[in-house]
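# Structure at a glance
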Amino acid sequence: MVAGVAAYFLFIKTPTPNTPSTPSDPVVVPTPPQRPTRTLIVTQQKGENMYSSLQRALSFANPGDTIQIKEEKIVESPTPSAPVRIGGPRHRDLTIESNLLGNAPALVELVNEVNADKLPMIEITNAEGVTIRNVTIDGKKNFGTGIVINGSCPGTKLENVS
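To keep things clear, this report deals only with the structure shown in the data block. Values in this document were obtained by computation on a predicted structure and should not be read as measured data.

Counting secondary structure elements, the protein chain contains one helix and 11 strands. Starting at the N terminus, the α and β elements of the protein chain follow one another as β-β-α-β-β-β-β-β-β-β-β-β. The buried share among the 162 residues of the protein chain stands at 33%. Taking contacts inside the protein chain between residues at least 6 apart in sequence as the whole, the part at least 24 apart equals 79%.

The structure is reproduced here in structure tokens:
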């Protein structure tokens, strides 16, 4: 003799009062907040987001920021161990430009006490979307090259730079 038992289970989900009854609610994936871009000013004046040198402004710059040179002439003193460097994801979409009347170019004069004939005045390395605009760079014959672009730098633009 063979005996058999069959069982059926039925589960019904009923909506609770505070949940929507639609079967496919949209899934919202939160995105991280984006840091607002800033304008950093290179000037001898004091104030918020104002810096006395391009190197100092670069050390505080974040992706998408703009550095405006508000003086007709700024003097930078890079060293072989710390040249003026723009690089990496931190300087992505960075703009460096003159903020003088009539779009006049600002003069960035680089002075180096040691013989830096093999060093660039400005080095851009692996930085995407960098723009340098309306700037004259003068190394006073103490540097080997002007602006050197190393690695992957898509979208880098030099506009009215001499």
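Under the defined criterion, the tally for this structure stands at seven salt bridges. Across the pair Arg-38 and Asp-65 runs a salt bridge, and its minimum N-O distance is 3.0 Å. Of this pair, Arg-38 sits in the segment before strand 1 (39-42) while Asp-65 sits in the loop between helix 1 (54-60) and strand 3 (66-69), and the two are 27 residues apart along the sequence. The class for Asp-65 is buried, based on a relative accessible area of 1%. A salt bridge links Arg-133 to Glu-159; the shortest N-O distance between them is 2.8 Å.

Moving on to the environment of His-91. Note on placement: His-91 falls in the loop between strand 5 (84-87) and strand 6 (95-98). Once residues within four sequence positions are removed from consideration, His-91 is found in contact with Leu-58, Ala-61, Arg-85, Ile-86, Ala-127, Glu-128 and Val-130.

Leu-58, Ile-67, Ile-69, Ile-86, Ile-96 and Ile-124 are the most contacted members of the largest nonpolar core, which has 29 residues in total. When contributions to this core are tallied by element, the ones reaching two or more residues are strand 1, helix 1, strand 3, strand 5, strand 7 (106-110), strand 8 (116-125) and strand 9 (131-138). The greatest single-element share of this core, amounting to four residues, is contributed by strand 8. Beyond its immediate stretch of four places on either side in the chain, Ile-69 contacts Val-42, Ile-74, Ile-96, Glu-97, Ser-98, Asn-99, Leu-100, Ala-106, Val-108 and Val-135.

Summarising the element assignment, Thr-43 is placed in the loop between strand 1 and strand 2 (50-51). Setting aside its immediate chain neighbours within four residues, Thr-43 contacts Met-50, Tyr-51, Ser-52, Lys-70 and Glu-71.

The next thing to look at is unusual backbone geometry. Phi is positive for Asp-93, close to 60 degrees, though the residue is something other than glycine. Topologically, Asp-93 is positioned in the loop between strand 5 and strand 6. Looking at Asp-93, the relative accessible area reads 40%, which means it is partly exposed. The backbone phi angle of Asn-103 is positive, close to 60 degrees, even though this residue is not glycine.

A separate point is the packing of aromatic side chains. The tally for this structure, following the rule as stated, stands at one aromatic pair. On the basis of an interplanar angle of 20 degrees and a centroid distance of 5.2 Å, the ring pair of Tyr-51 and Phe-60 is categorised as stacked. We classify Phe-60 as partly exposed; its relative accessible area is 35%.

Bringing the environment of Thr-37 into the picture now. Note that Thr-37 resides in the segment before strand 1. Note on Thr-37: relative accessible area 54%, which makes it exposed. Residues Thr-37 and Gly-64, 27 residues apart in the sequence, show an inter-C-alpha distance of 5.5 Å. Leave out the neighbours within four places in its chain, and Thr-37 touches Pro-63, Gly-64 and Asp-65.

You can see Gln-68 is positioned in strand 3. A polar contact is formed between the side chain of Gln-68 and the side chain of Asn-99, at a distance of 3.1 Å. Beyond its immediate chain neighbours, meaning those up to four positions away, Gln-68 contacts Thr-39, Leu-40, Ile-41, Val-42, Glu-97 and Asn-99.

Thresholds applied
Residues numbered from 1 in each chain as written. Predicted model: local features only at pLDDT ≥ 70, side-chain atom pairs only at ≥ 80, totals over all residues. Heavy atoms only, no water. Helix = DSSP H or I, 4+ residues; strand = E, 2+ residues; numbered from the N terminus. Buried < 20%, exposed > 50% of the residue type's maximum accessible area, 1.4 Å probe, protein only. Contact = heavy atoms within 4.5 Å. Salt bridge = Lys/Arg side-chain N within 4 Å of Asp/Glu carboxyl O. Core = buried A, V, L, I, M, F, W, Y, C linked by side-chain atoms within 4.5 Å. Phe/Tyr/Trp six-rings, centres within 6.5 Å; stacked < 30°, edge-to-face > 60°. Polar contact = N/O pair within 3.5 Å; in protein donor to acceptor, adjacent residues only side chain to side chain.

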